[in-house]
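Each chain, letter by letter, is given below.
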Amino acid sequence: MHVTGGYLAAGVALSAGAGVLPDIDHPDSSMALSFGFLTNSFSWLVEHVSGGHRHLTHAILGVTLFTAGALAAGRYQLTGPHATFSHLAFSWHLVPAGLFITLLYASALRALKIGGHHGDLLAMAGAAVTIYTGADLIYVTQWHIPLLGLCTALGCAIHIIGDELTHAGCPLLYPVSEHEFHVLPRPVEITTGKIAETYVIFPFLALGLAAAVWHATGHRL
Ligand SMILES: [Zn+2]
């Protein structure tokens, strides 16, 4: 997508955070634990209004709502007074995007077990840098989709595909239908946190990442 430098770093961190966003419907998830009582009660609320764990937030409608929220926060940020690093002014227009990005960064760090509550501080600082440079609003495709919206959609979609590799599957059409969709045939489905995840999925992801970095830095695959 021809994203480079600081924008690439922001995109990776945002996508990683969005990659654990659908599990906001579970009180033990990385996202629910990131800001203690605040995120924990929010997650309890989401669990109760979204039909329970792995329901609305793991459906096409849920991903659409997350993405619409991200796009709306970005649009609101864009229509505010132009606050930059040379002009560090507070504006309410920065608040929704700032909170959302803090949550994504904090969850990404927590999911990777980096920093504990220091990771949350790092996430706040990172979010401040992101909104004051406007890195979350740059267009990354020819369809003019801002980075924040694209990363939210991408991260959530990858999460759901990941959950569909497991025994539980995901109810993609919820609330219209509770049918659980699966990607793999039953016998080879995985259980999260078990051998397959550690010794098969993780090495594949690491190899994929290495290949992507190799290719993105101008080498031939
Ligand atoms: Zn999930």
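Provided above is the structure to which this section pertains.
My aim in this report is to walk through the structure given alongside it, one point at a time. (Residues numbered from 1 in each chain as written. Predicted model: local features only at pLDDT ≥ 70, side-chain atom pairs only at ≥ 80, totals over all residues. Heavy atoms only, no water.)

## A look at the pattern of salt bridges
The condition is simple: Here, a salt bridge means any side-chain nitrogen of Lys or Arg that lies within 4 Å of a carboxyl oxygen of Asp or Glu.
In total, this model carries three salt bridges according to the counting rule given. E189 serves as the salt-bridge partner of R186, at 3.4 Å between the closest nitrogen and oxygen.

## Details of the nonpolar core
Threshold: The term nonpolar core refers to a set of buried residues drawn from Ala, Val, Leu, Ile, Met, Phe, Trp, Tyr and Cys, joined through side-chain atoms within 4.5 Å. In this scheme, a residue with accessible area under 20% of its type's maximum is buried, one over 50% is exposed, and one in between is partly exposed, where area comes from a 1.4 Å probe on protein chains only. Strands are runs of DSSP state E lasting at least two residues, helices are runs of H or I lasting at least four, and both sets are numbered from the N terminus onward. Here a residue-residue contact requires only that any non-hydrogen atoms of the pair lie within 4.5 Å.
Counting residues in each nonpolar core, the largest one holds 35 residues, and the members touching the most others are L14, L21, I101, L104, Y105 and L148. If you list the elements that add at least two residues to this core, you get α1 (5-18), α4 (60-78), α5 (95-111), α6 (116-133) and α7 (147-164). Ranked by the residues each element gives to this core, the list is headed by α5, at eight residues. Setting aside residues up to four positions removed in sequence, L104 forms contacts with L14, G17, A18, L21, M31 and L148.

## Concerning the layout of surface pockets
The cut-off we apply is this: Here the term cavity refers to a set of points on a 1 Å grid, laid over the protein atoms alone, in which a 1.4 Å probe fits but cannot get out; the term pocket refers to an open set having protein on both sides within 12 Å along at least five of seven lines, with lining residues being those that place an atom within 4 Å of a point. Grid points are joined across faces, edges and corners, and a volume is the space filled by probe spheres set on the points. In this classification, Asp, Glu, Lys and Arg are treated as charged, Ala, Val, Leu, Ile, Met, Phe, Trp, Tyr, Cys and Pro as nonpolar, and every other residue, Gly included, as polar.
When its volume is computed, the second largest pocket comes out at roughly 510 Å³. Around the second largest pocket, the lining comprises 20 residues; the ones closest to its centre are F42, P96, L99, F100 and L103. Of all the elements in the fold, those that place two or more residues in the lining of the second largest pocket are α3 (36-49), α4, α5 and α6. For the lining of the second largest pocket, the per-class residue count stands at 16 nonpolar, four polar and no charged.

## Notes on a nonpolar patch on the surface
To be explicit about the condition: Residues form patches when they are more than 30% accessible in relative terms and have no salt bridge. Like charges link within 9 Å. Nonpolar side chains (Val, Leu, Ile, Met, Phe, Trp, Tyr) link within 5 Å. Residue exposure ignores everything except the shown protein chains as possible cover, and the areas themselves are Shrake-Rupley values with a 1.4 Å probe.
Taken together, the side chains of F42, W44, L45 and V49 define a hydrophobic patch exposed on the protein surface, amounting to about 450 Å² of accessible area. Looking at where V49 falls in the secondary structure, it is placed in helix α3. Overall, V49 belongs to the exposed group, its relative accessible area being 68%.

## Comments concerning the side chain of T152
So the rule is basically this: For the purposes of these results, a polar contact is taken to be a pair of N or O atoms within 3.5 Å, where, inside protein, one atom must be able to donate a hydrogen and its partner to accept one; residues adjacent in sequence count only when each atom of the pair is a side-chain atom.
Structurally, T152 can be placed in helix α7. Among the residues examined, T152 registers a relative accessible area of 0% and is labelled buried. Looking at T152, its side chain comes within polar contact range of the main-chain oxygen of L148, at 2.7 Å. With near-sequence residues (within four places) excluded, T152 lies in contact with A18, L21, F66, T67, A70 and F100.

## A look at the coordination of the zinc ion
Here is the rule: Atoms of type N, O and S within 2.8 Å of a metal are treated as its donors, and for Na, K and Ca the window is 3.2 Å; water is not considered, so some sites may appear to be missing partners.
Looking at the metal site, the zinc ion is ligated by D23 (OD), H58 (NE2), H159 (NE2) and D163 (OD), spaced 2.1 to 2.2 Å from it. Positions of the donor residues of the zinc ion, expressed as sequence spacing, correspond to D-x34-H-x100-H-x3-D. In this pair, D23 sits in the loop between α1 and α2 (30-34) while H159 sits in helix α7, placing the two residues 136 residues apart along the sequence. For H159, a relative accessible area of 9% puts it in the buried group.

## What to know about the environment of F85
Among the structural elements, F85 can be located in the loop between α4 and α5. With 44 residues separating them in the primary sequence, F85 and V129 have C-alpha atoms 8.1 Å apart. Here F85 is in contact with A128, V129, Y132 and T133, once residues within four sequence places are set aside.

## Observations regarding α7
As a reminder, the rule being used: Residue count minus one, scaled by 1.5 Å, sets the expected span of a helix.
The terminal C-alpha atoms of α7, which comprises 18 residues, lie 26 Å apart, in line with the 26 Å expected from a rise of 1.5 Å per residue. Buried residues of α7: L147, L148, G149, L150, C151, T152, G155, C156, H159, I160, D163 and E164, and no others. Buried-residue contacts for α7 involve α1, α4 and α5.

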